[in-house]
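# Reading the structure
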Amino acid sequence: MDITLMYYLIPSLVMFCCGVYGFITRKNMIAILISLELMLNAVDINFVVFNRFLFPGQLEGMFFTLFAIAIAAAETALAIAIIINIFRVAKNIDVRDLTKMKF
Amino acid sequence: MFENILIYFVVIPLVMLGGLALCKNIKQIRAVAVVGSLALVGLSIALLLGYLEQRAAGATAEMLYVDSWSWFAPLNINLAVGVDGISVAMLLLSAIILLTGSFASWKIEPLPKEFFLWLILLSIGVFGFFISIDLFTMFMFYEVALIPMYLLIGVWGSGNKNYSAMKLTLMLMGGSAFLMLGLIGIYYHSAPEGGQLTWNIIEIAQNNAIEKDWQYFLFPMTFVGFGVLGAMFPFHTWSPDGHASAPTAVSMLHAGVLMKLGGYGCFRVAIYLMPEAANELAWIFLILTGISVVYGAFSACVQTDLKYINAYSSVSHCGLVLFAILMLNTTAMTGAIMQMLSHGLMTALFFALIGMIYGRTHTRDIRMMGGLMKIMPFLAVCYVIAGMASLGLPGLSGFVAEMTIFIGSFQHTDMFHRVFTIVACCSIVITAVYILRVVGKLLFGPVQDKHHLELTDATWWERLSTITLIVCVAAIGCFPNFFNDLIKFTFSPEIFTVLGIN
Amino acid sequence: MDQITPLLILALPLCMFLFLGLAGNKMSHKMAGILGTLGMGVTLILAYSTAFTYFFSGNPDFIDAAGNRLQSVIFDFTWLEFTENLVIKLGFLLDPISAMMLVVITTISFMVHLYSLGYMHGEKGFQRYYAFLSLFSFSMLGLVVATNIFQMYIFWELVGASSYLLIGFYYTKPSAVSASKKAFIVTRFADLGFLIGILILSFFTETFNFIDMTSAPENVLASTGGATFMGASVLTWALVLIFMGGMGKSAMMPLHIWLPDAMEGPTPVSALIHAATMVVAGVYLVARMFPVYLMEEAALTIVTVVGALTALYAAIVACTQVDIKRVLAFSTISQIAFMMVALGVARPEIHEGVGYMASMFHLFTHAMFKALLFLGAGALIHAVHSNDYTAMGGLRKYMPITHITFLIGCLAIAGIPPFAGFFSKDEILVAAFENNMLWGLWMTAVAGLTAFYMFRLYYRIFWWNTPDYEKHGHVPHDAPWTMTLPLIILATVSIVAGFIPFGELVTWNREAYHIHLNWTVATTSVLVAVVAILIATVMYRKENAISDKIANSVKGLWTAAYNRFYFDELYIFITHKIIFNLVSRPIAWFDRHIIDGTMDMFATMAHKASGAIKGLQSGSIQTYVLVYLLGALLLGVVTVVCVML
């Protein structure tokens, strides 16, 4: 059996859709963050896979993925920090309740 | 640049702003304000004398002290300055009111430093407006004069101040929007035969440049734009609320000087640059201003808040200014300018006195007060004098101005103008009604509130402020021909022929 | 003639006003009073010398070779230039009537200054009082010497203002405050007519100058070019409107309502302003413009009719009032109406325009005896502390000087020879009879009423019955010399003034002529007056019920007259109900709710609109993403569909 591009792309699509679904429906900020990470990682997979299958002689996709992972890590750290701080102030991380700064 | 005396009208306030920034306590602030405004009064007197000297020496140009410095060449925007008799008179008026206003806000609380900063910024706008002859620069200074008003009322005001400040600013900005369209229109039609477009008033007027079709469009734009500030019916409602909420000095400056920007602008821009349209469209605005005159006076009759009474009376008196300007003849227009001077001084006096009374009794409702003549005779006598000036007693400024307007207006031979002149004349009776109503309720009669018995009369700075204004009011009233000659030169027949008015 | 004296006549009272007004509080009462009186005394001497020079010096400036007096402008400087022709000048015009007025004003003013030293003694604001008196004297003098109609208007307004200040002298008293307000507003309303009249007249004649207008009145008529407005000629309109100003100041019906209320002021003020000087300004105005009025028969007819109606009305009302100052006030209105009628019926062809001379003569004598009566009333009020004659009675024993002088005043006003009023009133009646029998009879009847109500007043004060004065703790007595001296002087003048050969001094065209009594008219009028006095004697000499019976028998008329025919109620209805409630209030409401409401509505609309769309900008990223995705999907679908098609 030959592992083709499709074998990677379908799980990654599923992952991305899960991420989008979670991002839209989840109200807990941690869950939203996780969904975000899911989407990000789905994209990462795509990058790597496309690089590997379509342009085997080049490394741009790999590098881009590495960058994305690094930035995602920093971003997650920042987001977690914000969430913790919000929790400290508001005792709550439900996005529906955090309307204090609106309008 | 600094050899032209006019530029100092902007430089001195700028220096004052710098000085204020360095001030540490209220005494220094007062010192800066008083010294600065005294310097401005001195400067305007020097300008008046210099101007008269040049005229006596035979200078016949429309504007004297003309100068121009480019500050944005691609659009030909210049800082162009120049004065004629009207601007000289207006500059003197503004300086005097700034001085008396500073005295009237001797004990302003809170944030005295910021208050004076904004007040002086406002005065930069006023002075800049009167010395400019470049439409763009003029408009810029106009806006500089309007914006500080929002903060001055919003922060230091009383009563429903947020609402009033917002209303005043928005309505005046609405007027500015019209005005700006009008001014840009004038700019793009300032050189119909091709060539360099210009913002310069003298150049446009001398070439009589703007095509007639465009005048019909631009005249109403600019007239309404300035008319809003001149409290023209039906765009006057910012005035009662704004004045009622504003602190004393701001009311003085606003009613005394800022509202004159409207009348001055209507004359200097709308009529000066577009005489043909003015001649043909004047009737529309005559109806509106005629309504203003009577309507304001009737409204004032039933108000109970001192500041509302005065604000409506300003609507009536400023209506008379625009009314007279629209009569388009030398006598009536001279009367209009005299009325601006007279109303400026008199209404500043009124607002100063109202502020002083309010500072003591903490109410402006005439039903709550009475018999103040017994308690604070000085302020009460001043109030009577202000009232007499307002209802046109000979020997004070109001009479001279009104009579010049009426005589001038009546020179028109058609029934329409005459009927409206007579309608405007009726205001002198209604004015007497509301002035005497206030004087009778507020100053005479028995004391209404026992607590008022302990109140004190005016302090020295208050006396200084009111006496200065009264002296000026009486000076115009007793020696009107001096001011008449000063103003009239501007309307000398040559200029009118150039403008195409009889 | 030098210019210094006339200038001083105006400048002295003005300086006195400024000085007393500004520095009065620093000095004692006595000092201020004496200063004011002295100032007026000097003005009096200057005015007398000026008038004397004018009438008797034979200076060619003042009288020509044929014996005609001339109008002479002593000085005239430009005050305000409207156009080349329309220039307000402030000047000093000397002619017979202004010279006569100078004498009248300074005499009465000086008497009042002197009298007030006693009458106002110890009043708070004594200095202020003298300052206002000086202001008034200045304004009134400026008015009579005006060289042009606008100068007259200026001083006209100034006398109005000083009258306002003096009526409201007791400013803590609400009735005085409202009386002063009423006086000012009613006269202001009349002045509106005056102003419009000036506007019309000056537009056509292109001048304000009296001499230009009156020396060639036919040019004035010609300048209007026969223009008409609403059926009347423009000149008639102008003259009637100018007369309206005069009606206001001279308290002619229906603008008379302020004068009775003006009695709230101190009594000497009533004597000076509201009896002798300011209220005759209207008569003076018409007299000043008389040659122009002659051009328009209609205008003169209106003057006559208004005058005649007012004379009768005021005389009837005066018969019913109980406040002695009000009786005198209505009597003043009636007498001024006499002067108006005299002007209205005067025609050059009738006895060299006797009506004009009679009017001025009556103005002169009336000023003297009416001031006398008012000052006498002041002395009574001072002694009894009440304005009502019901509190008085039998005072002849207590106040002999006041009694005699008051009686002289009453005889003078009733027109009994040889007192002053007889001569002047007789001339008026002659003029009226010569013009039209109706006016003659009408005015004779009013003259009879005059005699009746004056003696009714006299008997009620000095006879009737004597109340128990001791019970109230003080017995009335004659006033101090500062108050009685003016009474005696004025009484003397009232006796002899009738013998002044007025016809040789003051005539409409300034040509001297001899007055001679018309014996028929004189006898009739004296008879009527004597009969009226006799009726008054029967009714009021001793306490009795005749007057009540008569009052009851014509109850309706009597009540109406007592309430001054409800003119005040009518005015209150017009001002309060109509002006305030039907005009001002709706306008104020309209302004707040419609005009301001519209502005607020714009603001509210902007607010609402932003409120409506602000939900779109929710800040919830999840919603944004959903919308974004749906949008992307939609776009994709559309693209696909488009491609497939």
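All of the points below concern the structure found in this document. (Residues numbered from 1 in each chain as written. Chains lettered and ligands numbered in written order. Predicted model: local features only at pLDDT ≥ 70, side-chain atom pairs only at ≥ 80, totals over all residues.)

### Let's talk about the pairing of strand 1 (residues 64-72) of chain B
Residue and element names in this part refer to chain B. Applied cut-off: Only when DSSP finds a minimum of two bridges between them are two strands counted as paired. Helix and strand labels come from DSSP, where a helix needs a run of H or I of at least four residues and a strand needs a run of E of at least two; each type is numbered from the N terminus.
In this sheet, strand 2 (residues 77-83) lies alongside strand 1 in antiparallel orientation, the contact comprising six bridges. Bridge pairing in strand 2 places L64 opposite V83. Between strand 1 and strand 2, which pair antiparallel and follow one another directly, the connecting turn spans four residues, one of which, N76, has a positive phi of 60°.

### Details of the interface of chain C and chain B
Note the following rule: Throughout, a residue-residue contact means that the two C-beta atoms, derived from backbone geometry, are no farther apart than 7 Å. Under the scheme applied, nonpolar residues are Ala, Val, Leu, Ile, Met, Phe, Trp, Tyr, Cys and Pro; charged residues are Asp, Glu, Lys and Arg; polar residues are all the others, including Gly.
With 37 residues of chain C at the contact, the number on the chain B side is 39 residues. Elements supplying a minimum of two residues to the side of chain C that touches chain B: strand 1 (72-81), helix 5 (149-167), helix 6 (174-205) and helix 25 (567-614) of chain C. Top contributing element to the side of chain C that touches chain B by residue count: helix 6 of chain C, with 13 residues. In terms of residue class, the side of chain C that touches chain B is made up of 24 nonpolar, six polar and seven charged.

### Some details on the packing of helix 9 (residues 238-245) of chain B against helix 12 (residues 306-326) of chain B
Residues and elements named next belong to chain B. Going by this rule: To get an axis, a line is fitted to the C-alpha atoms, and for a helix only the part in contact is used. The angle between two axes follows their N-to-C directions and goes from 0 to 180 degrees. When an angle is under 35 degrees it counts as roughly parallel; over 145 it counts as roughly antiparallel; between 65 and 115 it counts as roughly perpendicular; any other value is oblique. Note: crossing handedness is left-handed where the near helix turns anticlockwise from the far helix by less than a right angle, and right-handed where it turns clockwise.
At their nearest, the axes of helix 9 and helix 12 sit 8 Å apart, and the two run at 140° to each other. With respect to helix 12, the element helix 9 is oriented oblique. Crossing of helix 9 against helix 12: the hand is right-handed. Here S239, P240, H243 and A244 of helix 9 come into contact with helix 12, specifically with K307, Y308, N310, A311, Y312, S314 and V315. A class-by-class count of the residues in the contact of helix 9 with helix 12 yields six nonpolar, four polar and one charged.

### Some details on the packing of helix 3 (residues 85-104) of chain B against helix 10 (residues 248-273) of chain B
Residue and element names in this part refer to chain B. At a closest axis distance of 8 Å, the pairing of helix 3 and helix 10 adopts a crossing angle of 165°. Our classification of the angle between helix 3 and helix 10 gives roughly antiparallel. The handedness of the crossing between helix 3 and helix 10 comes out as left-handed. On helix 10, the residues that touch M90, L93, S94, I97, L98, T100, G101 and A104 of helix 3 are T248, A249, M252, L253, G256, V257, K260 and Y264. Partitioning the contact of helix 3 with helix 10 into residue classes produces ten nonpolar, five polar and one charged.

### A look at the pairing of strand 2 (residues 87-94) of chain C
All names here are of chain C. Rules: Partly exposed residues are those whose C-beta has more than 12 but fewer than 20 other C-beta atoms within 10 Å; 20 or more makes a residue buried and 12 or fewer makes it exposed, with C-beta atoms placed from the backbone.
By the criterion of burial, strand 2 is predominantly enclosed, with six of the eight residues buried. Pairing of strand 1 with strand 2, which is carried by eight bridges, proceeds in the antiparallel orientation. Its bridge partner lying in strand 2, L80 is registered against I88. Counting the residues in the hairpin turn of strand 1 and strand 2 gives five residues.

### Let's talk about the nonpolar core
This is how it is decided: Residues of type Ala, Val, Leu, Ile, Met, Phe, Trp, Tyr and Cys that are buried and joined through C-beta atoms within 7 Å form what is called a nonpolar core.
Grouped together as the largest cluster of nonpolar side chains are 433 residues, with contacts concentrated most on A89 and L353 of chain B together with V341, L343 and A371 of chain C. Here this core takes 21 residues from helix 16 (residues 354-384) of chain C, the largest share from any one element. In this structure, L343 of chain C is in contact with V283, V286, A287, F290, V303, G355, Y356 and S359 of chain C, ignoring residues within four places of it in sequence.

### What to know about the environment of F52 of chain C
Residue placement: F52 of chain C occurs in helix 2 (residues 29-56). Classification of F52 of chain C by C-beta neighbours within 10 Å gives exposed; the count is 12.

### Quick notes on unusual backbone geometry
With an omega of 0°, the peptide bond between F233 of chain B and P234 of chain B qualifies as cis. Cis geometry marks the peptide bond from P417 of chain C to P418 of chain C; its omega dihedral reads 5°. Within the fold, P418 of chain C resides in the loop between helix 17 (400-414) and helix 18 (420-435). Backbone geometry at N76 of chain B places phi at a positive 60°, although glycine is not the residue there. As for its placement among the helices and strands, N76 of chain B is situated in the loop between strand 1 and strand 2. Its 16 C-beta neighbours within 10 Å are what place N76 of chain B among the partly exposed residues. Phi angles above zero are rare outside glycine, and E206 of chain C is one such case at about 60°. Its place among the elements puts E206 of chain C in the loop between helix 6 and helix 7 (210-215).

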